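Overview (structure and organization)
The chain contents come next:
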Amino acid sequence: MKKLHLATVCTAALMFSACADNTTATEAPKPAPAPAAPQPSQAAQKASNDLVQAATANSRPTVQDAREFLEQAEADIEDFGLRAARAYWVQANFITEDTNAMAAAAGKEGAELATRLANEAKRFNDVSLPDDMRRKIDGLKRGSNFPAPDREGAAGELAKIMARMDAVYGTAKFKLPDAQFAKAKDILGDDADNVLEQYEAVRLMANARDPELLAATWSGWRTLSQPMNESKTQQVQLDGELKGYSMAEDYADMVKIINEGARELGYADAGALWRAGYDMDADDFATEVDRLWGQVKPLYDELHCYVRAGLNEEYGDDVVPMDQPIRADLLGNIWAQSWGNVYELVEPEGAAKGVDVTALLEAQDYDALRMVKTGEQFFSSLGFDPLPDTFYKRSLITKPADRDVQCHASAWNLDDQEDIRIKMCTNVTGEDFQTVHHELGHNYYQRAYKDQPVFYKDGANDGFHEAIGDMIALSITPDYLVQIGLLDEADVPGEDADTALLLRQAMDKVAFLPFGLLVDKWRWQVFDGTLSPAEYNDGWWALREQYQGIRPPNDRPADAFDAGAKYHIPGNTPYMRYFLAHILQFQFHKAACDQAGFEGPLHRCSVYGNEEVGKRFENMMEMGASKPWPDALEAFTGERDMDGSAMLEYFAPLMSYLEEQNEGRTCGWSGSAD
Ligand code: X8Z
Ligand code: ZN
């Protein structure tokens, strides 16, 4: 859901979902559904701002003025919040021309509101304010992650572009060549139609092992962000015909607008604005993520080397040359961001088996609802209150057959109180079992900070929001699976299966790290002009190769815009949060295991049922964004820095195994030493 700055957990600026750029909400219950006061037009608003500025030119604003301004801002944000959240929710669950227009209207209003409040907040630049008020004012001054400039028409244009890109992604469909579709039916079933969506693309990439089918699926999905052609079957149109529509052009237009908006807010470009949201100097943040990457990169490099060798055994030198970046379609995931689905291809030879959660869920006939209830039960075991009935009534947890929905998983809090929901096209797989916990983590966080003022209804930083549920999912150990009846006690893998368990986990968590880092490295380059629109695609692949060591399976067409085939680009969700979350979740996990007095290896630790850990975790969550994030981190872990050491400790036994296995191999690829 969209949030007025601060952070969302999976959508765009001024949004209110986890998986959006945040908005905020009130501590007080929403006023009864009185009709919202009409919003002044931007021109009228500007005139009124000018008056305010003129009136205050002679009299310095006071602390009392700031207090009144913040009270009014809070009321305005709350008033906007619920209406906007509903529009976004309906659009994401039912994508049509009409709901796109509703979402665009909400986006326009939100962008105008954020810009107005940011500009008004500047009045208090020179006023000495109590820390708490200064934090709120500074938060408002950052506007939104997708700021509209303060000129007539800009907010509307920006909101339209953003809604349009989001809808094009959400309704994307593609066809496979007949010969490949015939193979795909083995996986999708005989009844499948050759009109494929993200849902099918994800299943094919996870399960197919035929390089031609993989390459065709991989390329087919990417037609979504290429200009319209007859191979596309989008049903939804926004603003008339989509024929000839180019997402890259829309993206370039959006970049121009938000850069103008960011400059008005006092930032060099939108990337500098994004980097300024971490309670530290924006330049220091860029250095900080590089430092964290430097900590964990050796682990990634060993994993890459080991996996490439395993894939080479499966596919041979032609498909997987041993000195080249790995073909991106061979890694079990349409974006090559997590590789767990090809674990079986690189399973340690002769070692004891780990646990196949997908098989366990299938064996017990789990469905999506039961997966969610099981996730809820974990949080309950830590002492969190049960989810409200409305959560189950209002969430979307399976893909509807009869309409377009935004299948990318997200978590929402509609009223910033108890109306929490998730939206997911859940598959009964171990991967989606993790995602269920991820989304619920957002919801429990949102509920934990619901009594904070609207400005602080957010994660300590956006990485925290993404890390909560993932930290819980790290406790899905074999022993935990026994406790909930998914695994027989007799089948708990012994110590000799540690390598298998850790490798399975690393294929997702370690493999993700460079992807998590590079998506926004690419956006930062787009925003600061390092990459011109003509260089968008080459720049994307340069980073994919440099950081991940992967390459496309075929020469990319001149009109390709491959970054746009990843939800968060057209969906306008910042991505560095996931990189941070992959570091933070291990830091949280280690702290939780220490608190629980656990003495074994970290990957065997589950805090299931530990209310004391739950209470401390909730205490941190309740803080929301009210304090700089190091305070929140310290409250739970005793540490004030983000740190990759816990992740390294977790995977230490695997690191030794990988180093041993890679001995004598030439690791890396040209450019990988950066
Ligand atoms: O987008 C998500 C969540 C919603 S916030 C499903 N994630 C990233 C992705 O899918 O790319 C979680 C991990 C990374
Ligand atoms: Zn998330």
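Residues numbered from 1 in each chain as written. Chains lettered and ligands numbered in written order. Predicted model: local features only at pLDDT ≥ 70, side-chain atom pairs only at ≥ 80, totals over all residues. Heavy atoms only, no water.

1. Some thoughts on the packing of aromatic side chains
By the definition in use, this model includes 40 aromatic pairs. Ring geometry for F588 against F636: centres 6.1 Å apart, planes inclined by 80°, an arrangement best described as edge-to-face. Highlighted residues: F588 in helix α21 (residues 576-595) and F636 in helix α23 (residues 629-637), separated in sequence by 48 residues. Each member of the pair, F588 together with F636, is buried. Counting every residue linked through ring pairs, the aromatic cluster contains Y251, W522, Y536, W540 and F561. Just above the ring of Y199 sits the side chain of K399; from NZ or CZ to the centre is 5.7 Å. Here the guanidinium or amino end of R421 rests over the ring plane of W89, the centre of that ring lying 4.9 Å away. (Phe/Tyr/Trp six-rings, centres within 6.5 Å; stacked < 30°, edge-to-face > 60°. Helix = DSSP H or I, 4+ residues; strand = E, 2+ residues; numbered from the N terminus. Buried < 20%, exposed > 50% of the residue type's maximum accessible area, 1.4 Å probe, protein only. Lys NZ or Arg CZ within 6 Å of the ring centre and 35° of its normal.)

2. Things to note about the environment of L273
As for its position among the elements, L273 is in helix α10 (residues 270-275). Using a relative accessible area of 2% as the deciding quantity, one classes L273 as buried. Spatially, the C-alpha atoms of L273 and N259 are 9.3 Å apart, while their sequence positions differ by 14 residues. Beyond its immediate chain neighbours, meaning those up to four positions away, L273 contacts R142, S144, N145, P147, A262, L265 and Y267. (Contact = heavy atoms within 4.5 Å.)

3. A closer look at the coordination of the zinc ion (ligand 2)
Each protein donor to the zinc ion (ligand 2) is listed here as H438 (NE2), H442 (NE2) and E466 (OE); together their distances run 2.0 Å. Around the zinc ion (ligand 2) sit 4 donor atoms, and with donor-metal-donor angles ranging over 91 to 129° the site reads as tetrahedral. (Donors = N, O, S within 2.8 Å, 3.2 Å for Na, K, Ca; no water. Tetrahedral: all angles 85-135°; square planar, octahedral: opposite > 155°, others 65-115°.)

4. Overview of the confidence of the model for the protein chain
Residues with a pLDDT of 70 or more make up 89% of the protein chain, whose mean pLDDT is 91. Here residues 22-48 is modelled with pLDDT under 50, and outside its nearest four sequence neighbours on either side it reaches 80 contacts, counting other chains as well. Taken together, the stretch residues 235-240 has pLDDT below 50 and engages in 20 contacts with residues farther than four places along the chain or on a different chain. (pLDDT = per-residue confidence, 0-100.)

5. Structural notes on the state of the cysteines
Using the criterion set out here, one finds 3 disulfides in the structure. Linked covalently through their sulfurs, C407 and C425 form a disulfide whose S-S length is 2.0 Å. Around the S-S axis, the bridge from C407 to C425 shows a dihedral of about -85° and counts as left-handed. One end of the pair, C407, is in the loop between α15 (389-394) and β3 (410-413); the other, C425, is in the loop between β4 (420-423) and α16 (430-448), with 18 residues separating them in the sequence. For C407, a relative accessible area of 15% translates into the label buried. (Disulfide = S-S within 2.5 Å.)

6. What to know about the environment of Q91
The topology assignment puts Q91 in helix α2 (residues 63-93). Measuring from C-alpha to C-alpha, the distance between Q91 and Q406 comes to 8.4 Å, with 315 residues separating the pair along the chain. Aside from chain neighbours lying at most four places away, what touches Q91 is T99, N100, A103, D166 and A167.

7. Thoughts on the side chain of E197
Here E197 is to be found in the loop between α6 (178-188) and α7 (198-207). Side-chain polar atoms of E197 contact the side chain of K399, separated by 3.1 Å. E197 has contacts with A172, K173, F174, W221 and K399, leaving out every residue within four places of it along the chain. (Polar contact = N/O pair within 3.5 Å; in protein donor to acceptor, adjacent residues only side chain to side chain.)

8. A short note on the pattern of salt bridges
For side chains of opposite charge, pairing can occur when their charged atoms come near one another. This model, assessed by the stated rule, comprises 35 salt bridges. When the shortest N-O distance is used, the salt bridge between E197 and K399 registers 3.1 Å. Placement of E197 in the loop between α6 and α7 and of K399 in the loop between α15 and β3 is noted, with a sequence separation of 202 residues between them. Classification of E197 as buried rests on a relative accessible area of 18%. Taking the relative accessible area as the measure of exposure, K399 reaches 22% and is therefore partly exposed. A salt bridge links R556 to D562; the shortest N-O distance between them is 2.6 Å. Here the two residues R556 and D562 agree in accessibility, since each one is buried. One connected set of salt bridges, linked through shared partners, spans D76, R116 and E120. (Salt bridge = Lys/Arg side-chain N within 4 Å of Asp/Glu carboxyl O.)

9. Examining a nonpolar patch on the surface
Taken together, the side chains of V90, F94 and M102 define a hydrophobic patch exposed on the protein surface, amounting to about 260 Å² of accessible area. Here M102 is to be found in helix α3 (residues 97-121). (Patch = residues over 30% accessible without salt bridge, like charges linked within 9 Å, V, L, I, M, F, W, Y side chains within 5 Å. Areas by Shrake-Rupley, 256 points an atom, 1.4 Å probe, with all protein chains shown as cover.)

10. Details of the nonpolar core
Ranked by internal contacts, the top residues of the largest apolar core, which has 176 residues, are Y251, W522 and F588. Not counting chain neighbours up to four residues away, the residues in contact with W522 comprise Y251, L531, Y536, G539, W540, L543, F561, A563 and I569. Counting residues in hydrophobic clusters, the runner-up holds 29 residues, among them A66, A73, F80 and M133. (Core = buried A, V, L, I, M, F, W, Y, C linked by side-chain atoms within 4.5 Å.)

11. So, a negative patch on the surface
A surface patch of negative charge is lined by D186, D190, D191 and D193. Relative to the helices and strands, D193 is located in the loop between α6 and α7. Given the relative accessible area of 58%, D193 is considered exposed. (Lys, Arg positive; Asp, Glu negative; His and termini not counted. Charge placed at Lys NZ, Arg CZ, Asp CG, Glu CD.)

12. What about helix α25 (residues 652-662)?
Among the residues making up α25, those that are buried are L654, M655, Y657, L658 and N662. Angular distribution of buried residues about the axis of α25 spans 165°; they occupy a single face of the element. Packed against the buried residues of α25 are α11 (282-315) and α19 (498-527). Once α25 finishes, G664 follows within two positions and takes phi at roughly 85°, a positive value. (Arc of directions from axis to C-beta.)

13. A short note on α21
Relative to the 28 Å expected for 20 residues at 1.5 Å per residue, α21 spans 28 Å between its end C-alpha atoms, a close match to the ideal helical length. Of all the bends in α21, the greatest measures close to 25° and is centred on H582. Counting buried positions along α21 yields 17 of 20 residues, so the element is predominantly enclosed. One or two residues past the end of α21 sits G597, with phi positive at roughly 75°. (Expected span 1.5 Å × (residues − 1). Bend = angle between axes of the 7 residues up to and from the residue.)

14. Points about unusual backbone geometry
Its identity is not glycine, yet D279 carries a phi of approximately 55°, on the positive side. Mapping D279 onto the fold places it in the loop between α10 and α11.

15. Some points on the pairing of β3
Residues S410 and W412 line one face of β3 and the alternating positions A411 and N413 line the opposite face, and both faces are buried. Both β3 and β4 contribute to a ladder of 4 bridges, which runs antiparallel. By the bridge assignment, S410 is partnered in β4 with K423. Remark: 6 residues form the turn of the hairpin made by β3 and β4, two consecutive strands paired antiparallel; D416 in that turn has positive phi of roughly 55°. (Pairing = 2+ DSSP bridges.)

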